[in-house]
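Architecture and fold: a report
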Amino acid sequence: MKAVKVFCPGTIANVSCGFDVLGLCLDSVGDEMIVRKSDVPGIRITKIEGADLPLETKKNVAGVAALAMLKEITFEGGFDIEIYKKIKAGSGIGSSAASAAGAVYGINALLGNPFTNAKLVEFAMQGEALASGAPHADNVAPALMGGCTLVRSYTPLDVIALPTPSELYATVVHPQIEVKTADSRAILKHNVTLKKAIQQWGNVGGFVSGLFLNDYDLISRSLEDVIVEPIRSVLIPYFKTVKVATKNAGALGSGISGSGPSIFALSKGADTAHKVADAIHDIYKNSEIKFDIHISKVNPKGCKVLPL
Ligand code: ADP
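The structure displayed is predicted, hence computed values, not measured ones. (Residues numbered from 1 in each chain as written. Predicted model: local features only at pLDDT ≥ 70, side-chain atom pairs only at ≥ 80, totals over all residues. Heavy atoms only, no water.)

Details of the overall build of the protein
- The helix and strand inventory of the protein stands at 10 helices and 11 strands.
- Taken against the 2.2 N^0.38 rule, which gives 19 Å for 308 residues, the C-alpha radius of gyration of the protein at 19 Å falls within 12% of a compact globule.
- Dimensions along the principal axes, computed over C-alpha positions, put the protein at roughly 55 × 40 × 35 Å.
- Across the 308 residues that make up the protein, the buried fraction comes to 56%.
- Residue pairs in contact within the protein that sit at least 24 positions apart in sequence constitute 73% of those at least 6 positions apart.
- Carbon and sulfur atoms make up 54% of the accessible area of the protein, which totals about 13400 Å².
- Treating the 31 positive side-chain charges of the protein as one cloud and the 29 negative ones as another, the clouds have centres 1 Å apart. (Helix = DSSP H or I, 4+ residues; strand = E, 2+ residues; numbered from the N terminus. Rg over C-alpha atoms; globule rule 2.2 N^0.38 Å. Buried < 20%, exposed > 50% of the residue type's maximum accessible area, 1.4 Å probe, protein only. Contact = heavy atoms within 4.5 Å. Areas by Shrake-Rupley, 256 points an atom, 1.4 Å probe, with all protein chains shown as cover. Lys, Arg positive; Asp, Glu negative; His and termini not counted. Charge placed at Lys NZ, Arg CZ, Asp CG, Glu CD.)

Quick look at the structure:
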């Protein structure tokens, strides 16, 4: 195989209670990428459509992730990468992660899959370090492994693939305001009270148990973030209104997607996910803010090869 086309899915990081550890993969939102083997050593980004992002290998997360992978393989040639962006950068649905994951997934496919998806997470994280300053895995893990993932530990890296209840849907609204990841990290407090920590780890355990037990009520009760959401949500217009309206429309719960400004809601079944989308639409349609709404089943597979 000389070239491969890859679907690079969007992802929801944090999923309310699991700041920096939980993530979930989307199905209907994602970029595409074409990766080609070349006789010329090294990694080149040859084309980017759909976004104004750097072509320079070391300034693009796809290039940085691919370079991290190249260091660990003996391959005399190199790879050329074309990126077709559909996920807006800085939207909070894993735009940078999609590129980092897609690049290493594509190269792995061209080499006959020498690495497991879990190992690919380590390479893709190096790309994430470029985008946000820290090599976090809560977007690249679900992008590569699919479904819901838990980063149990960063040192050493220990990523757990969690089961995905078959009727779990996400509705995501991206209000097109700019929230820099650096800013939304900077406003966070570095200490939490023991009382809040207890609530939060109870919810993480509850959410994970809900996935294993297929218990949507338990998932719903656990979709609560007492640590980060109260601070970050002030940066997102209509956040509280959306939270109330999505719950009234039948959602299991809602929260900030990644570092925002996107807001996600989880629902049981496509019908409810659509009703939730209508409720969100009603809130933003009369505002000045441009917005996109995505409805997506949770994607159990992650990145995948598309016909070229
Ligand atoms: P998101 O949460 O939507 O992924 P991030 O803030 O994590 O947004 O990442 C976006 C940042 O990463 C932007 O500063 C963007 O310029 C940078 N970046 C570099 N390469 C890429 C790429 N291939 N795709 C998306 N963003 C990239």
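Things to note about the environment of Val61
- Its place among the elements puts Val61 in helix H1 (residues 61-70).
- In this structure the C-alpha to C-alpha distance between Val61 and Ala100, which are 39 residues apart in sequence, comes to 5.4 Å.
- Other than its neighbours up to four places away in sequence, Val61 contacts Ser96, Ser99, Ala100, Gly127, Leu130 and Ala131.

Some remarks on the site of the ligand
- Close contacts around the ligand come from 16 residues, with Asn60, Ser95, Ser96, Ser99 and Thr181 the closest.
- Measuring from a nitrogen atom of the ligand, one finds a side-chain N or O atom of Asn60 at 2.8 Å.
- Interatomic distance of 3.1 Å between a backbone N/O atom of Gly92 and an oxygen atom of the ligand.
- Within the complex, 82% of the 560 Å² of free accessible area of the ligand lies under protein.
- Of all the elements, helix H2 (residues 95-110) adds the most residues to the shell around the ligand, at three residues.
- Counted by class, the shell around the ligand contains four nonpolar, nine polar and three charged residues. (Near = heavy atom within 4 Å. Polar contact = N/O pair within 3.5 Å; in protein donor to acceptor, adjacent residues only side chain to side chain. Nonpolar A, V, L, I, M, F, W, Y, C, P; charged D, E, K, R; others polar.)

Some points on helix H10 (residues 270-284)
- When the terminal C-alpha atoms of H10 are compared, their 21 Å separation across 15 residues agrees well with the 21 Å that a helix rising 1.5 Å per residue should span.
- Within H10 the residues assigned to the buried category are Thr272, Ala273, Val276, Ala277, Ala279, Ile280, Ile283 and Tyr284. For H10, the angular spread of buried residues about the axis comes to 160°, placing them on one side. The exposed residues of H10 that point more than 90 degrees off its buried face are Asp271 and Lys275.
- If you follow the buried residues of H10, they end up packed against strand S7 (168-175), helix H9 (239-248), strand S9 (263-268) and strand S10 (291-297). (Expected span 1.5 Å × (residues − 1). Arc of directions from axis to C-beta.)

Quick notes on the sheet that holds S7
- Pairing within the open sheet is antiparallel, and its four strands lie in the order S8-S9-S7-S10. Looking along the sheet, the strands with just one partner apiece sit at the ends: strand S8 (253-256) and S10. Averaged over all adjacent pairs, the angle separating strand axes in this sheet is 20°, with direction ignored.
- The sheet contact formed by S7 and S9 spans six bridges and is antiparallel. (Pairing = 2+ DSSP bridges. Axes fitted to C-alpha atoms, helices over the stretch in contact; angles between N-to-C directions.)

Focus: the pairing of S7
- Here S7 lies mainly inside the structure; eight of its eight residues are buried.
- Of the two faces of S7, both are covered, the one formed by Leu168, Ala170, Val172 and His174 as well as the one formed by Tyr169, Thr171, Val173 and Pro175.
- In this structure, S7 lies alongside S10, joined through seven bridges in antiparallel fashion. Bridging from a neighbouring strand, Val173 pairs with Ile293 of S10.

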